[in-house]
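Reading the structure
Here are the chains, one letter per residue:
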Amino acid sequence: MGRKEDNIARATEVMHKRDKIRNLAIAAHIDHGKTTLSDNLIAGAGMMSEDLAGKSRVLDFDEQESARGITINAASASMVHKVGEEDYLINLIDTPGHVDFGGDVTRAMRAVDGCIILACAVEGTMPQTETVVRQALKEKVRPVLFINKVDRLINELQIDGPEMMARFEKVIVKVNKLIQTFAPEDVRKDWQVSVQNGTVAFGSAYYNWGMSVPYMTRSGLNFKDIFEHCAADDQKGLAQKAPVHEVLLDMAVDTLPSPFESQKYRIPNIWQGDLETPEGKAMMECDSEGPLSLMITKIWMDPHAGEVAVGRVYSGSIKHGESLWAIGAGKAERVQQVAMMVGGDRIQVPSVSAGNIAAITGIRSAAAGVTISRDKDAEPFEAIRHYSEPVVTVAVEPKAMKDLPKFIDALRGLAKSDASLQVFTNQETGEALLAGMGELHLEITVYRLEEEQGIKVNVSEPIVVYRESIESNNNGSAFEGKSPNRHNRFYIEAEPLSAEVVQALREGEFGDGTVRNKDAKQVGDKFAEYGMEKNLMRKIYAIHGTNVLVNDTKGIQNLHETRELIIEGFNEVCKKGPVAEEPMMGVMMRLVDAKLHEDAIHRGPAQTIPAVRNACRGALIRSRPVILEPMQNLRVDAPNDVIGGVTREVTNRRGIIEDMPVDGGTASVIGKMPVAETFFFEDENQKNVLGETLESCSTDPMTGWFRDGCCNTDKNDRGLHTVCVKVND
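We now turn to the structure provided with this report. Just so it is clear, the model here is predicted, and its values are computed rather than measured.

Remarks on the environment of Ala 108
- Counting through the fold element by element, Ala 108 comes out in helix 4 (residues 102–111).
- Owing to a relative accessible area of 5%, Ala 108 belongs among the buried residues under this scheme.
- The spacing of Ala 108 and Ile 93 is 15 residues in sequence and 7.1 Å in space, taken between C-alpha atoms.
- When sequence neighbours within four positions are dropped, the list of residues in contact with Ala 108 reads Ala 74, Ile 93 and Thr 95.

Rendered as structure tokens:
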């Protein structure tokens, strides 16, 4: 039996002790040392040589991850850690740090209860650090802090003890400010990190040593010892006295919650069912004997086993050979294998019980965000709400038409394994539109098509996804939409929604899709909490993304029979706006009047949908439509003598510079830039600084949509004609 198999054998003995389980993620900005740290934790569990820890990058097992030196996929590893005489099962997930793969971080947070936030001691908190803290807190995942690369402060920057403390304090204050802002109100105070309570550690993942106040107390080490070891270039000796895996996993065991504790406050946040039902009680108690509730957070494409679904078991136990339902699927499917993960290795086990992370094969209907249960009518978990959305699109088509069937199947597989990727396919021409988080995300997707699937493709230049909205309203001047047979007329008024309501819609506060009549009152009351008219919003018909349709009519006969058709017309306009056929955002449309033919055959789909669609488009045109473009946060670090070239490049690309702090010989440019201008930005910056290396160049997930005069450009990019629309006053 190998090291990994032996470790998993021990894990199967511990997995049934709910108070001895810790599910945790490692999250940080790119290149702050997450995967290096994961190596150390795996080595500490005896699953690899300690000499290779930090160099072999066990959890970066994908070919592209090794080639590019970055984490692309969230990868998990289960290991056993001994504290005193007790064994603890650690289910660890290493998450990507690059902004293009932030969706994997969001999905990983659904599977864990605690999170180790890494911050570089030299760079401090960066844009993506703030993002991952926000993602963790949104899922009610408790954070602790590890300040990495402390050896660089001592050996490279030659700083003394007081200055080191000042840098640590700056990072801790920043992280606590984020917790104070984004954590649920009832835990904001308790979840603050501090050196004194043992929720902050520091060290060097690369040199395998770490330190915290509780460990200092136990070991007798102090800051003087750290400085002496670093100055003497004896960090190997320091790693033997204070191994980072022991410091951090002890901290996780002591300060982060077990599934038994965390599910009491996490389940009401991620599951909207009745907590008094057997299913609800089983999840609240993390009961391995209760009904099975498992949520899929990741799909792997294994070359031998096919689709591997990885997810968190919230209640019950999942066993090899049983038939299960993926909620929403048409039939039950048989579980072929149940396993626990260690990087790219799946080690089979007979079953996985509540509170753990399992990998299963055989459930082909599974996808990220899907609930697995023995009951096909079980209440599913709340949908995972991503912090950012796809804003860059490329068109892809196979070079050889004989590859078309294989190409379409490959795209389905890619879309299933990567929930952040959106795929739209033209079945006749074979052309597909891939919408992703950024250039790198789409580049790797195309690489997988060509190298892993063996399909050579033609790829267009990337274009940015815009949004359409309105600045005004057409109240009192409803637009009339007529059906093709002229027997049905619908009158629509449009108005913009407030920023607060749009944000709440984006976060899923009101749900999505058609609103059932029995739920309309409750949903309307929620809108009233945001300052909207309660009686009006209680007549809500549907929600599409951040757009709302309300029935503001009175006494229209037979209107209820066309309700679904009206919603369908509204949905079509939300997907393709009237100006540039881009998705609509932040609009409320009110049906204020309707005239329907008394005979149902004359108000069918072919008559009602076009009439509603035209009425909505006309109302939007009358309400001063605008095009919104996505913006990204930007931070560039460069030497002082070349920072001028960087600022010039940012300004030339319509960037907004908000701050330029200077730290020693390095200056930073902090600001915002339109996503459309970020293509090849880093390459251009390298040229502008005359061959100097940028210390870092990073963009945050899309931070907002801003008005842009790019309507005609957008239409030309997408092959649309510019049309002048005349609207009667």
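Some details on the sheet that holds strand 27 (residues 540–544)
- Here six strands make up an open sheet; going across it, the order is 24-25-29-28-27-26 and the pairing mixed. The open sheet is flanked by strand 24 (479–482) and strand 26 (513–514), the only strands paired with a single partner.
- Pairing of strand 25 (residues 489–496) with strand 29 (residues 587–595) involves eight bridges; the strand directions are antiparallel. Across the sheet, Ala 494 pairs through a bridge with Met 589, a residue of strand 29.

Section: unusual backbone geometry
- Unusually for a residue other than glycine, Arg 486 sits at a positive phi of about 65°.
- Within the secondary structure, Arg 486 sits in the loop between strand 24 and strand 25.
- One non-glycine residue, Glu 581, lies in the positive phi region at around 60°.
- Of the residues examined, Glu 581 reaches a relative accessible area of 34% and is grouped as partly exposed.

Quick look at the pattern of salt bridges
- Under the counting rule described, the total for this entry stands at 36 salt bridges.
- A salt bridge links Glu 285 to Lys 264; the shortest N-O distance between them is 3.8 Å. Linking Glu 285 in the loop between helix 13 (278–284) and strand 8 (293–302) with Lys 264 in helix 12 (residues 259–270), this pair joins segments that are 21 residues apart in sequence.
- Its relative accessible area of 35% is what places Lys 264 among the partly exposed residues.
- Arg 654 is paired through a salt bridge with Glu 677; the nearest N and O atoms lie 3.2 Å apart. In this pair, Arg 654 sits in the loop between helix 21 (643–652) and strand 31 (656–659) while Glu 677 sits in the loop between strand 33 (666–674) and helix 22 (681–688), placing the two residues 23 residues apart along the sequence.

Some points on the environment of Ala 368
- As for its placement among the helices and strands, Ala 368 is situated in the loop between strand 16 (357–361) and strand 17 (371–373).
- Judged by relative accessible area, Ala 368 falls into the partly exposed class, the value being 22%.
- In this structure, Ala 368 is in contact with Arg 107, Ile 296, Thr 297, Ile 299, Lys 416 and Ala 419, ignoring residues within four places of it in sequence.

A look at the environment of Phe 681
- Secondary-structure assignment places Phe 681 in helix 22.
- Measuring from C-alpha to C-alpha, the distance between Phe 681 and Val 650 comes to 8.6 Å, with 31 residues separating the pair along the chain.

As for the packing of aromatic side chains
- Overall, the coordinates contain seven aromatic pairs when judged by the stated rule.
- Aromatic side chains Phe 202 and Phe 223 sit 5.1 Å apart centroid to centroid with 5° between the ring planes, which places their arrangement in the stacked category. One end of the pair, Phe 202, is in strand 6 (residues 200–204); the other, Phe 223, is in helix 9 (residues 223–231), with 21 residues separating them in the sequence.
- Among the residues examined, Phe 202 registers a relative accessible area of 6% and is labelled buried.
- Site record: aromatic cluster; members linked through ring pairs are Phe 168, Phe 202 and Phe 223.
- Looking at Lys 298, its charged tip hangs above the ring of Trp 300, at a distance of 5.4 Å from the centre.
- Above the plane of the ring of Tyr 541 lies Arg 563, whose end atom (NZ or CZ) is 4.7 Å from the centre.

The rules behind the values
Residues numbered from 1 in each chain as written. Predicted model: local features only at pLDDT ≥ 70, side-chain atom pairs only at ≥ 80, totals over all residues. Heavy atoms only, no water. Helix = DSSP H or I, 4+ residues; strand = E, 2+ residues; numbered from the N terminus. Buried < 20%, exposed > 50% of the residue type's maximum accessible area, 1.4 Å probe, protein only. Contact = heavy atoms within 4.5 Å. Pairing = 2+ DSSP bridges. Salt bridge = Lys/Arg side-chain N within 4 Å of Asp/Glu carboxyl O. Phe/Tyr/Trp six-rings, centres within 6.5 Å; stacked < 30°, edge-to-face > 60°. Lys NZ or Arg CZ within 6 Å of the ring centre and 35° of its normal.

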